[in-house]
2 protein chains.
Amino acid sequence: MLGIGDDAAVVEAPPDAGGALQWLLAVDTMVETVHFNDATMSEADVGWKALAANISDIAAMGGVPRHALVSVSAPRAWEPARIGRLYDGLYACAEHYGVAIVGGDTTSSPAQMVVAVTVVGTVEAGAAVSRAGARPGDAVFLTGPVGMSGAGLHWLLAASSASGEQPVPHREAQAAGTAALVAAHRRPAPSVRAARLLAARYRVTSLNDVSDGLASEAWEIAEASGGTLALQRGMLPVSGSMAAYGRRCGIDPLEWMLYGGEDYVLLGTMDPADAASAKEAMTAEGLPFYVIGTVEAGGPGVLLQRDPQEAKAGRPVREPLEKRGYNHFK
Amino acid sequence: MLGIGDDAAVVEAPPDAGGALQWLLAVDTMVETVHFNDATMSEADVGWKALAANISDIAAMGGVPRHALVSVSAPRAWEPARIGRLYDGLYACAEHYGVAIVGGDTTSSPAQMVVAVTVVGTVEAGAAVSRAGARPGDAVFLTGPVGMSGAGLHWLLAASSASGEQPVPHREAQAAGTAALVAAHRRPAPSVRAARLLAARYRVTSLNDVSDGLASEAWEIAEASGGTLALQRGMLPVSGSMAAYGRRCGIDPLEWMLYGGEDYVLLGTMDPADAASAKEAMTAEGLPFYVIGTVEAGGPGVLLQRDPQEAKAGRPVREPLEKRGYNHFK
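How each quantity is defined
- Residues numbered from 1 in each chain as written.
- Chains lettered and ligands numbered in written order.
- Predicted model: local features only at pLDDT ≥ 70, side-chain atom pairs only at ≥ 80, totals over all residues.
- Heavy atoms only, no water.
- UniProt positions renumbered as here; feature names shortened; annotations may be inferred.
- Least-squares fit on C-alpha atoms with pLDDT ≥ 70 in both.
- Contact = heavy atoms within 4.5 Å.
- Core = buried A, V, L, I, M, F, W, Y, C linked by side-chain atoms within 4.5 Å.
- Buried < 20%, exposed > 50% of the residue type's maximum accessible area, 1.4 Å probe, protein only.
- Helix = DSSP H or I, 4+ residues; strand = E, 2+ residues; numbered from the N terminus.
- Domains from an automatic or database assignment.
- Buried area = accessible area lost by both parts, 1.4 Å probe.
- Salt bridge = Lys/Arg side-chain N within 4 Å of Asp/Glu carboxyl O.
- Nonpolar A, V, L, I, M, F, W, Y, C, P; charged D, E, K, R; others polar.
- Expected span 1.5 Å × (residues − 1).

- With an unreviewed UniProt entry as reference, chain A is termed Thiamine-monophosphate kinase, source organism Paenibacillus phyllosphaerae.
- For chain A, the Catalytic activity (unreviewed entry) comment in UniProt is given as "thiamine phosphate + ATP = thiamine diphosphate + ADP".
- You can read under Sequence similarities (unreviewed entry) in the UniProt record for chain A the words "Belongs to the thiamine-monophosphate kinase family."

Okay, structure coming up:
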């Protein structure tokens, strides 16, 4: 109705499609040197990702993202074109997901860039999917692979000292075979369509987006729902380029998969009777879907169950996972 | 419905009071060393003011503030109690205005504290008051005095070097006779009730909150509406303590009144036939209300009309006002 330029934006809820809507509100912040630096992300990447992180929060409630408000605090030394490129990335992500940027506040900052984004979404009244509904016996699923963003950042931090350019250019990632990993880190693609399809057709009992890492998000569901999420090592989706990069640098990609974070796929639980049908429906829509374990009674806790041959090598068959993410910049 | 702790907050619009509601969305940011420093504001003051600035934006649309989301980036060196005090101030302001804080994101920051607040409000469908409706002949009004916040900051910056404490304690302001000015700077009180009363009963044609100074806000209405706001010097409300402090330090308070900003009262225009009745109704509710000029055709522009005796002293009777605020920290 009325966008940027007055004291506040005026927005109208979309017409109810046969029922009332509730509103979803989420905020996320990205801080230079804490969440990104000049080598890892361009200004446009920062803009895209700041909005994508919030869109992912709306997806994790089963909702539709509608409107966004942006607060940018940029160092005085920044030329205006840099803020322009930040907004280019914000608008690219907004357009991709049908979100209207309806408000913005730009201030100067003495040192680092800080961007805080708020997203307003909608969900059918009573249909929001929290983290608290998982029940013993439910299937645990993912809407995409995890660990790629962490692996991409690992490569970027290593490549930044060797590269003559900041941010490390995409062609260097292509040459190194890490382009998909770098893209996952710089331009995450939240699972809005997947969440809408799953929540509309199946008995989804909990949803959480993977921002701090699979282990940490599984813990959040376990604690909110009161149960133990038992994840199967052999059922976790493994990206081929992540596995190849891990082999090259002698790192077990499981660390990125469990603790890397910033994947912005969804971790959820659903009635196990629905899982096969959900897999089929998602595949028909070209959307990834992986059942990766089950919810057990007791806990709260998160377990990783290894394959028998791995267990033979002296590792425990079922290993409790720590509740931690990690700060890549420390 | 569901507050802090999940991916997004779920909120329900209040039941329609005889008609549909639209939503109002606003965001504002405060940055340490740009908008405040250790001497001028306590953490709790920063929290109050960050939310109040947004509530004022909702008031300036004629709406009711409902929900707030907070993004805090705090220096790693801050002890957790300082963030606690920041939230104390946020919650105090939220409670005062009936706002629910439904989301928050706290990140670390390498150097300065940055707080960005988003407020969601509601307004009766079609009833939002923009800056663009002022018509020639309309009365120009204020819902409170201007310049007190700027004068308070002037005293705080001067007192900070002499004071042994940071922030400068309130009792020092009381001893100096500047307590009302310091309170106006640290704990602004947005005109929500005034805007609701005026917009419901009278033909209010534009509203703008005084964040950057009276001159700058008047220019925004003039440019959005296409007219000239002619303000009467003799009709501008002058706070007694501001006038006294100005005499003591040899400063004409008009500078603070026109260019000081951060007053968070409302500047507006209305049908001139309603002005006397509005004054009466506001006074009956204990709310300040001052007619300070009229809208003239042509422009856009902003004029200050002086009293005849001032004009005799060689100053022009009608003086165009610059479109500027000023950065107190430069």
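## Here we look at the relation of the copies chain B and chain A
- When chain B is fitted to chain A, the best match, at an RMSD of 0.0 Å, comes from turning it 180 degrees and sliding it 0.0 Å along the axis. Within this description, the copies of the chain are treated as partners about a two-fold rotation axis.
- A shared binding surface is used by both copies, with 100% of the interface residues of chain B retained as interface residues in chain A.

## Focus on the nonpolar core
- Grouped together as the largest cluster of nonpolar side chains are 55 residues, with contacts concentrated most on A:Leu51, A:Met113, A:Val115, A:Val117, A:Leu198 and A:Met270.
- At eight residues, helix H1 (residues 43-59) of chain A tops the list of elements feeding residues into this core.
- Counting only domains with at least three residues in this core, you end up with domain 1 (21-124) and domain 2 (139-320) of chain A.
- Non-local contacts of A:Val117, meaning those with residues more than four positions away in its chain, are made with A:Ala26, A:Val27, A:Asp28, A:Ala50, A:Leu51, A:Asn54, A:Ala68, A:Leu69, A:Val70 and A:Leu90.
- Listed in part, the 54 residues of the second largest apolar core include B:Met41, B:Ile58, B:Val119 and B:Phe141.

## Points about the interface of chain B and chain A
- Contacts between chain B and chain A engage 54 residues on the former and 54 residues on the latter.
- In total, about 4,000 Å² of surface goes out of reach between chain B and chain A, with carbon and sulfur atoms giving 58% of it.
- For the chain B face of the interface with chain A, the top three residues by lost area are B:Asp7, B:Trp23 and B:Leu25, together amounting to 19%.
- Summed over the shared surface of chain B and chain A, the result is zero salt bridges.
- Of all elements in the fold, only strand S1 (9-11), strand S2 (21-31), helix H1 (43-59), strand S3 (64-75), strand S4 (100-109), strand S5 (114-124) and strand S7 (204-209) of chain B reach the threshold of two or more residues within the side of chain B that touches chain A.
- Partitioning the side of chain B that touches chain A into residue classes produces 26 nonpolar, 17 polar and eleven charged.

## Re the side chain of A:His185
All names here are of chain A.
- Position of histidine 185 among the secondary structure elements: in helix H5 (residues 179-186).
- Classification of histidine 185 as buried rests on a relative accessible area of 1%.
- When residues no more than four places from it in sequence are discounted, the contact partners of histidine 185 are Met41, Lys49, Ser149, Leu153, Leu156 and Glu262.

## Things to note about helix H3 (residues 148-162) of chain B
All names here are of chain B.
- With 15 residues, H3 extends 21 Å from end C-alpha to end C-alpha; this agrees with the ideal 21 Å at 1.5 Å per step.
- Residues of H3 that are buried: Met148, Ser149, Gly150, Ala151, Gly152, Leu153, Trp155, Leu156 and Ala159.
- Here the buried face of H3 lies against H1, helix H4 (170-176), helix H5 (179-186), helix H8 (240-248) and helix H9 (254-259).

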